[in-house]
Every structure is written in structure tokens, then in C-alpha cells.
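# Residue-level structural notes
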Amino acid sequence: MMSDKLSWMAVFASLAVLSALGAVFGYAPVEASMGIVQKIFYFHVSSALAAYTGFFLCCGASIYYLLKGDRRADVVARAGAEVGVLFCTFVLISGPLWARKAWGTWWTGEPRLMLTMVAALIFYAYVVVRSIGGRTEITRRICAALAILGVADIPLVHFAVQKWRGNHPRVLRNGGISDEMEVALTVAMLAVFSLFTTLVLLRIRVGMAEEKVERLHRLATARGNDIEDRRRSPLLENP
Amino acid sequence: MKRLLCLAAAVAVLSVSEAAPAAAEGSGAAPTAYSADRLSKEGFVPAAPGQAVEDSVPGGLLMLTAYGVLWTLVGGYLWRLSRRTAATQRDLDALGQRLDDLNARLKQG
């Protein structure tokens, strides 16, 4: 059942991505001063929002895990962090590529860039610790704390442009994009969020299967110990 | 768990609504009339049809690289997930067989 839903979600995501590419390259006009490189904007902004969503999902699930100890919440948290990191990585790579053309430099020390980098580094640490820390309770708890710390940075990233300015344009709230660009951005957001949802659900499914493997492994070890105990017990009774 | 997923969906919807351009602001204007009022000074200005856009830095290459990175990241992650799925399935099969053996030995006494 889950597999069917995932398949449909994947089909929907693929169609949405194709539509978004069509809207971005076939419908939205080329920007006058920056040229074609501005087309990075549509997936850059959408990916940033998808990354925030992944990090918030990770944080919410981590808090739930810390409160209730539910392993399923831990699986959801890990899925949110991994997919969030994926989209955040794209944001951190596509941003400098766009900036090279738009600002004449790959990177500046403006608040939004630095705070996004900080959030990304915190969640990179989360993913690395999860990978090398093994399936232990202490690793899960440390990573839950990291997720909460990382999410505290997100509102600062969001409001950095409004409070401290910097080079990032404020085109969305000021009506600074044309109607065709608005349409392309909306379709791109739909595509990126459907892709995000598919990847998160897929990762949750893999995580649940890994949890099942761990449970069965414990069960098999316990059964093996039972057999060993039965084999030894007659010897202990009649040495 | 469903609550968590609902919470994530709500965050996603809020993020989109937060960032989605306020279409109502420009709804009264003709779709292609990009007046000075409609587009702020720091907004994106569409090039007029046939207008040559100055391009000293290879913007096309930068854009292609960005999109290439996105699809490489997504493809790489999907490949990694498929490998993990296959490995997990192998582990599940092996563990199932081991448990069957152990259960049979337990029954034999």
C-alpha cells in the first residue's frame, strides 16, 4: 500500500518537475540585466524553503523522540535532516553560481549567506554523527539536540534580509517579479515540494525497514542464546 | 507520527504562502505591463522581445552547472537509497531464514 502511494507520489513529482522546467525555460522571460542565469532563482528559492521544511520536520520529530522515545519519530527526524541537507547543499552551490554573475563575486559575508552556512553545517554534523555514531541511544539524543540547535538558526536566516539587508534581492514581497515569473516560481515550488515529499517518504520507508532488521537481529540473538542455554543446562545439572 | 507529518505539511504550506508572491498586488494590471510601479527598482525586469542581453560572464554555463548539481544530488541520493533498500532487503531475508532455523532447533529441543 505504502509502495503504491510512493509510486504515485514519484510519478506526480516527476510530472511536476517536468512542468516546472517547462515553465522556467519555456514560459518565464529572461531577466534583462542578469540574463539567463536568473533562471537559477526558481529552484534556488524553492529548494531553500524545502530545506527549511526538512529541518523543521527533523526538529519536530526530534523533540517528539526526546519526549516519548518513539523510534519512528527518530526515523522521521533522520529523513527530514537528510533531505533538508540535500536541498540546502543545492542552495549553497547554486547561490554562488548565480552570485558570480549577478554580484560579480562567488561569496560575500552577508548575513543570510553566513547564517545559511551555519544552519547547513549544523545539519551536516547531524548527518555525519548519525552515519558514524551507530544506532545507539546516545547518538540519537545528541543528534536530536543538534536538530533543535540548527532550527533555532532558521528564523534568523529568514529575517536576515529584512533586518540587516545585504545583497539578496527582496523581489517576492515587493512585487518585483513579472506575472510569468510568478507562475514559473509557483510551479517550481510545487515541483520541489513534491520531490521533497517523495524523498522524505522514501527515506522513512528505508529507515523503518532498517529498524525492523535491528528488531529481528535482537530477536535472533535472543533465540540463539535460548538454544545455547538449553544446551548447557543439562551439563550444569549433571556435570 | 501522523501529527508530525501534518506539522511538516503545515510548515511547508506556511513557507510557500510566506514566499509566494502576492499576486493580488499586481492583479489589476495587465499581465505583461511591467510599469515602474509594478516592478520595484531592485526587482527582476524581463527583457523586451528581441532585446540583446549583455553577457560578459557565461551565465548559461553557470545556470547549467546549477541545474546539473541539483539533478546530480537528487540522483545520487536516490541511488544511495536504492542501495540501502537492497541491503536492508538482503538482511531481512537472511534474518528471516536464521530465525526459521533457530525456531526449528528450539522445537527439536
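The preceding data block contains the structure.
A short tour of the structure in this document, coming up. Computed from a prediction, not measured in an experiment: that's the story for all the values here.

Assigned secondary structure in chain B consists of two helices and zero strands. Buried residues in chain B amount to 29% of all 109 residues. Surface accessibility of chain B: about 7,100 Å² in total, with carbon and sulfur atoms responsible for 61%.

Counted by the stated rule, this structure contains 16 salt bridges over all chains. Residue Arg140 of chain A is joined to Asp74 of chain A by a salt bridge in which the shortest nitrogen-to-oxygen separation is 3.0 Å. Linking Arg140 of chain A in helix H5 (residues 137-152) with Asp74 of chain A in helix H3 (residues 71-102), this pair joins segments that are 66 residues apart in sequence. As far as the burial class goes, Arg140 of chain A and Asp74 of chain A line up, both buried. Through salt bridges that share partners, Arg71, Asp74, Arg130, Arg135, Arg140, Glu210, Glu211, Glu214 and Arg218 of chain A together with Arg84 of chain B make up one connected network.

A few words now on the packing of aromatic side chains. What the rule picks out here adds up to nine aromatic pairs over all chains. On the numbers, 6.0 Å between centres and 65° between planes, the contact of Phe41 of chain A with Trp98 of chain A is edge-to-face. Here Phe41 of chain A, found in helix H2 (residues 40-68), pairs with Trp98 of chain A, found in helix H3; they are 57 residues apart in sequence, far enough to count as distant. Under the relative-accessibility criterion, Phe41 of chain A is labelled buried at 3%. Aromatic pair Phe193 of chain A and Phe196 of chain A: ring centres 6.3 Å apart, planes at 65°, arrangement edge-to-face. Placement of both Phe193 of chain A and Phe196 of chain A in helix H7 (residues 179-237) is noted, with a separation of three residues, approximately one turn of the helix. Each member of the pair, Phe193 of chain A as well as Phe196 of chain A, is classed as buried. The rings of Phe25 and Phe43 of chain A together with Tyr67 and Trp71 of chain B are connected pair by pair, giving a single aromatic cluster.

A few words now on the environment of Arg140 of chain A. Residue and element names in this part refer to chain A. You can call Arg140 buried: its relative accessible area is 2%. Considered as a pair, Arg140 and Tyr126 are 14 residues apart in the sequence and their alpha carbons are 9.6 Å apart. In this structure, Arg140 is in contact with Tyr65, Arg71, Asp74, Arg130, Arg135, Glu211 and Glu214, ignoring residues within four places of it in sequence.

Calculation rules
For every chain, the first residue of its written sequence is number 1, and the numbers climb from 1 along that sequence. The naming scheme follows written order: chains are lettered A onward, ligands numbered 1 onward. Given that the model is predicted, a residue must reach a pLDDT of at least 70 before its local features are reported, and side-chain atom pairs must reach 80 or more before they are shown or counted; all residues, however, enter totals for whole chains, interfaces and linings. Values shown for side chains rest on all heavy atoms present in the structure; no hydrogens or waters enter the calculation. Runs of E in the DSSP output that reach at least two residues are strands. Runs of H or I that reach at least four are helices, and both are numbered from the N terminus. Three exposure classes are used, based on accessible area relative to the maximum for each residue type with a 1.4 Å probe and protein chains only: buried under 20%, partly exposed in between, and exposed over 50%. To measure how exposed things are, a 1.4 Å probe is used in the Shrake-Rupley method; for residues, cover is taken only from the protein chains shown. By salt bridge we mean one thing: a side-chain nitrogen of Lys or Arg within 4 Å of a carboxyl oxygen of Asp or Glu. Planes of paired rings set the category: under 30 degrees apart is stacked, over 60 is edge-to-face and the rest tilted, where pairs are Phe, Tyr or Trp rings (Trp by its six-membered ring) whose centres lie within 6.5 Å. When checking whether two residues touch, look at their non-hydrogen atoms; a contact exists if any pair is within 4.5 Å.

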